[in-house]
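# Understanding the architecture of this molecule
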Amino acid sequence: MAMAMLAAALFLPGKYEEQGKRIHQHLTARAEEGCSCQGSLLCTHLPLVVIDTGGQEIPGKPLEERDWFGQARYSLAKDGSPAITARISVMDKEGENNHPSDTPDIATACQIRIRGNSSRRFPKLSYSLRLLDQEGDNQKLSVMGMGAHHEWVLYGPMLDKTLVRNYMWYNIAGEIMGYAPHVRFCEVMLDGQYQGLYLMTENITNGGGRLHLNMNIKGAEGVGYLLRCDRPTQDEMGSLRNIYTYSERVSQTKQNISIRYPGEGTLTQEMAKNIELDYSAFEKALFSYDYNTKDYGYWHWIDVGNFIDYFLINEFTKNLDAGSYSTYIYKELGEKYRLCVWDFNNSCDNYQEQASGLEGFSMAERAWYFMLMKDGEFVERLLGRYRELRQGVLAEEYLMEYIDGTLAYLGPAVERNSRRWDMGWEGLSPTGRNPGSHQEAVGQMKEWLEGRGRWLDENIHTLRHYAHPSRNKVYNH
């Protein structure tokens, strides 16, 4: 009851994002009330996305061969393009159910391709979308009440049989750390065939309601920019410019740091060089003997609160990719570095290759935290923030109510999705870890979250070991 009152206070009703407010769809949107229509292919209280490819095969399927650099290669369209042009319609009526035959609220051309890494091999695919105007140029549109932009991700939960991981943790992260991608559940039909439950997700980039990166060059200040740390991959929807930094911490783990924004249409050689120099200066300061000194300390470079919240969200969920893959760091013009969460598909003991377990820490030696955790003041601030969040959005009661409330809102869409996709499909290793049904998957995640929170309550103080003087004599004077 206490957590329900907290939710009511935090999340105000309304469909559209407002400055400083985050919309949690399951708390604000219309719930299922039944439908009296006859003969429709689909009747849903959720937003409905209909995609028509005109019979084209959507490119982006993984190929067995790799390129000269060992990077993955993906299928292309017949004309050699990485994406095809299709039509997309979005039905999102207020106060009534949606059907494929309805007049759409949005109808436009788009480029579409399959996206992801290992998920490209799943039965249920995810897609990258780029909305186009009549001339074939990028078209910014507000989708399902989210801020207008032309780049979107249509994420199809398959490995996550609970269906809620990304929705839940993007929204919780967005409440505590300033920015996280906005998301909306929807159902999808592709070329007349029902594809199940999806999550329409903002791509992490510049645009209305997003990072508001300032493109204006102002002398030595340079530009606002977004970097991505990830495994080397072929990027089909726009070039990523690799940068080579002072620190070898990332390159030792076979990851790349790439410029994600400004994009290929704006990024110049001069901009790229200035971004590389700026980021390298940050890492020089962080990975040095002066990392925690008054004049050169890391706090001059980063939003410390943001870095702490990123650590705690990903540590609490044991999101093992965070800080290694799918990791985004950005810097707005005149501001400090911040991190943005992305991809909780493998979180909460859902990592494909191995069980995560309830115990242990995964973030303390990742990327920038390798140095930050050496500072006792950083660690103490992190511990205090953990205790604060355990009384709020990381409280056990709050998390359980969030899951139950989300699934209650999804209603019959869960069963439709289960009928469309084999819930006995096994994506986790070893095979005994795979839940056989949606209900079993939800039970597993709830049990894991309860156990993880209790273990951290009893053991998170041991993070002080990372900052102990005996461990860091070479760094701390």
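Residues numbered from 1 in each chain as written. Predicted model: local features only at pLDDT ≥ 70, side-chain atom pairs only at ≥ 80, totals over all residues. Heavy atoms only, no water.

## Examining the nonpolar core
- By size, the foremost hydrophobic cluster in this structure holds 95 residues, and its most contacted members are Trp169, Trp368, Tyr369, Met373, Leu449 and Leu463.
- Grouped together as the second largest cluster of nonpolar side chains are 26 residues, Val49, Ile51, Val143 and Met200 included. (Core = buried A, V, L, I, M, F, W, Y, C linked by side-chain atoms within 4.5 Å. Buried < 20%, exposed > 50% of the residue type's maximum accessible area, 1.4 Å probe, protein only.)

## Points about unusual backbone geometry
- In this model, Tyr261 is joined to Pro262 through a cis peptide bond whose omega is 5°.
- Position of Pro262 relative to the elements: it lies in the loop between β12 (256–261) and α4 (269–286).
- The linkage connecting Ser429 with the following residue, Pro430, adopts the cis geometry, with an omega of -10°.
- Take Pro430: it is sitting in the loop between α9 (412–420) and α10 (438–459).
- Its identity as a non-glycine residue notwithstanding, Asp343 has a phi of 70°, on the positive side.
- Within the fold, Asp343 resides in the loop between β14 (337–340) and α6 (369–372).
- Positive phi, normally seen in glycine, also occurs at Asp349, with a value near 60°.
- Secondary-structure assignment places Asp349 in the loop between β14 and α6. (Helix = DSSP H or I, 4+ residues; strand = E, 2+ residues; numbered from the N terminus.)

## Structural notes on the sheet that holds strand β6 (residues 126–132)
- Taken in spatial order, the 7 strands of this closed barrel run β1-β4-β5-β6-β7-β9-β8, and their pairing is mixed. Recorded for the sheet is a direction-independent mean angle of 40° between the axes of neighbouring strands.
- Seen against the sheet, α9 touches β8 (183–190) and β9 (193–202) and runs at an angle of roughly 120° to β9. (Pairing = 2+ DSSP bridges. Axes fitted to C-alpha atoms, helices over the stretch in contact; angles between N-to-C directions. Contact = heavy atoms within 4.5 Å.)

## Here we look at the packing of aromatic side chains
- This structure, assessed with the given rule, holds 22 aromatic pairs.
- Taking 4.6 Å as the distance between ring centres and 35° as the angle between the ring planes, the aromatic pair formed by Tyr167 and Phe185 counts as tilted. Note that Tyr167 is positioned in helix α3 (residues 165–176) and Phe185 in strand β8, a separation of 18 residues in sequence. In this structure, Tyr167 and Phe185 share a single accessibility class: buried.
- Between Phe311 and Tyr369, the ring centres sit 5.3 Å apart and the planes meet at 65°, which makes this aromatic pair edge-to-face. On the criterion of sequence distance, the pair formed by Phe311 in helix α5 (residues 304–316) and Tyr369 in helix α6 is long-range, its members being 58 residues apart. (Phe/Tyr/Trp six-rings, centres within 6.5 Å; stacked < 30°, edge-to-face > 60°.)

## Focus on the state of the cysteines
- For the structure on display, the rule yields 1 disulfide.
- Two residues, Cys35 and Cys43, share a disulfide whose sulfurs are 2.3 Å apart. Between Cys35 and Cys43 the sulfur-sulfur dihedral comes to about 115°; the bridge is accordingly right-handed.
- Using a relative accessible area of 36% as the deciding quantity, one classes Cys35 as partly exposed. (Disulfide = S-S within 2.5 Å.)

## Focus: the packing of α3 against helix α8 (residues 396–410)
- Where α3 contacts α8, the axes come no closer than 11 Å and their chain directions differ by 130°. The angle between α3 and α8 falls in the class oblique. You can see that α3 and α8 cross each other, and the crossing is right-handed. Where α3 approaches α8, its residues Tyr167, Met168, Trp169, Asn171 and Ile172 are matched on the opposing element by Tyr398, Leu399, Tyr402, Ile403 and Thr406.
- Residue composition of the contact of α3 with α8, by class: 8 nonpolar, 2 polar and no charged. (Parallel < 35°, antiparallel > 145°, perpendicular 65-115°, else oblique. Left-handed = near helix turned anticlockwise from the far one by under 90°. Nonpolar A, V, L, I, M, F, W, Y, C, P; charged D, E, K, R; others polar.)

Don't take any of this as a statement about function, it's just geometry.
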